Amino acid sequence: AQTVTQSQPEMSVQEAETVTLSCTYDTSESDYYLFWYKQPPSRQMILVIRQEAYKQQNATENRFSVNFQKAAKSFSLKISDSQLGDAAMYFCAYRSATDSNYQLIWGAGTKLIIKP
Amino acid sequence: DAGVTQSPTHLIKTRGQQVTLRCSPKSGHDTVSWYQQALGQGPQFIFQYYEEEERQRGNFPDRFSGHQFPNYSSELNVNALLLGDSALYLCASSLEPSYNEQFFGPGTRLTVL
């Protein structure tokens, strides 16, 4: 069974600085997808960024980028120029690319605090 | 364009009771997934509905059941509520089961006393 581990329960960063959130996962599959979701106090999960395992290039979305290390099974999220609106819980999630297996498997989350 | 909506927002029940939670998917989406998120934890997959059938199920007991209607909206039913069922229940919709991006609703907070 696949598992996702986020070892940082809480991280804090100064506004405008850069922060990296860690995620490791365990799987025997070679093809899969990885995601970072943001959950603000409003509770609604918002997709931040996704990565296909077959792509070597790291995904980027504006101030958000990932460091995908397939051999190490590591998938960290870097947030540049942190803003107050980035404060939220961040969840790393895994999804198999196998047909008929569409569930997301989630880590426990990292609470990100932005200091003004 | 309305996103995923869920009702009710909050719900308080007592042990042994039954509860029904509702979800309307984003316009154009035909697949609905349900997740349980206990306090301080990541979500856990309950099941997914597509074409009015349960397509995949997570590790949840039969007390958890669901339904999908012809208009793609969905219900989650939980029977014989336990204290441990207290959680945020999230609904997510997607264009089809294999589609990569799931859009989430704001969730229903269920408290079991």
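None of these values were measured; they are calculated from a predicted model. (Residues numbered from 1 in each chain as written. Chains lettered and ligands numbered in written order. Predicted model: local features only at pLDDT ≥ 70, side-chain atom pairs only at ≥ 80, totals over all residues. Heavy atoms only, no water.)

*Asks:* Account for the interface of chain B and chain A, naming residues and giving values.
*Replies:* Accessible area lost upon the coming together of the parts serves often as the stated size of an interface. Across the contact, 26 residues belong to chain B and 21 residues belong to chain A. Among the residues chain B hides against chain A, the three largest losses belong to Gln56(B), Asn100(B) and Phe104(B). Together they make up 32% of the total. Here Arg50(A) and Glu101(B) are joined by a salt bridge, their closest N and O atoms 3.4 Å apart. In this structure, the connection of chain B to chain A is made through eight residue pairs in polar contact (both at pLDDT 80 or more). Looking at the side of chain B that touches chain A residue by residue, the classes come out as 10 nonpolar, 14 polar and two charged. (Contact = heavy atoms within 4.5 Å. Buried area = accessible area lost by both parts, 1.4 Å probe. Salt bridge = Lys/Arg side-chain N within 4 Å of Asp/Glu carboxyl O. Polar contact = N/O pair within 3.5 Å; in protein donor to acceptor, adjacent residues only side chain to side chain. Nonpolar A, V, L, I, M, F, W, Y, C, P; charged D, E, K, R; others polar.)

*Asks:* Requested: an account of the nonpolar core, with residues and values cited.
*Replies:* Tyr25(A), Trp36(A), Phe75(A), Leu77(A), Tyr90(A) and Leu112(A) are the most contacted members of the largest nonpolar core, which totals 26 residues. Looking at which element gives the most residues to this core, the answer is strand β10 (residues 88-96) of chain A, with four residues. In this view, Tyr90(A) contacts Gln6(A), Leu21(A), Trp36(A), Tyr37(A), Lys38(A), Val48(A), Phe64(A), Leu77(A), Ile79(A), Gly109(A), Thr110(A) and Leu112(A); residues no more than four positions away in its chain are not counted. If you look at the next biggest cluster of nonpolar residues, it comprises 20 residues, including Leu21(B), Ile46(B), Phe60(B) and Phe64(B). (Core = buried A, V, L, I, M, F, W, Y, C linked by side-chain atoms within 4.5 Å. Buried < 20%, exposed > 50% of the residue type's maximum accessible area, 1.4 Å probe, protein only. Helix = DSSP H or I, 4+ residues; strand = E, 2+ residues; numbered from the N terminus.)

*Asks:* Would you mind going over the packing of aromatic side chains in detail, with residue names and values included?
*Replies:* Inspection of the entire model under this criterion finds 15 aromatic pairs over all chains. Aromatic pair Trp106(A) and Tyr35(B): ring centres 6.0 Å apart, planes at 80°, arrangement edge-to-face. Placement of Trp106(A) in strand β11 (residues 104-106) and of Tyr35(B) in strand β4 (residues 31-37) is noted, with the two residues assigned to different chains. The pair Trp106(A) / Tyr35(B) is uniform in exposure class, with both members buried. (Phe/Tyr/Trp six-rings, centres within 6.5 Å; stacked < 30°, edge-to-face > 60°.)

*Asks:* Give a detailed account of the side chain of Asp30(B), specifying residues and quantitative values.
*Replies:* Residues and elements named next belong to chain B. With respect to the secondary-structure elements, Asp30 resides in the loop between β3 (19-24) and β4. Here Asp30 is buried and forms no salt bridge, its nearest opposite-charge partner Arg55 lying at an N-O distance of 9.3 Å. A distance of 2.9 Å separates a polar atom in the side chain of Asp30 from a polar atom in the side chain of Thr31. (Lys, Arg positive; Asp, Glu negative; His and termini not counted.)

*Asks:* A description of the layout of surface pockets should follow, citing residues and the corresponding values.
*Replies:* There is about 330 Å³ of room inside the largest pocket. Breaking the lining of the largest pocket down by element, the ones donating at least two residues are β10 and β12 (110-115) of chain A. Lining the second largest pocket, in full, are Gln103(A), Leu104(A), Ile105(A), Trp106(A), Pro43(B), Gln44(B), Phe45(B), Gly58(B), Asn59(B) and Phe60(B). No other element matches the three residues that β11(A) contributes to the lining of the second largest pocket. Counted by class, the lining of the second largest pocket contains six nonpolar, four polar and no charged residues. (1 Å grid on protein atoms, 1.4 Å probe; cavity = no way out; pocket = protein on both sides within 12 Å on 5 of 7 lines; lining within 4 Å. Points joined across faces, edges and corners; volume = space filled by probe spheres on them.)

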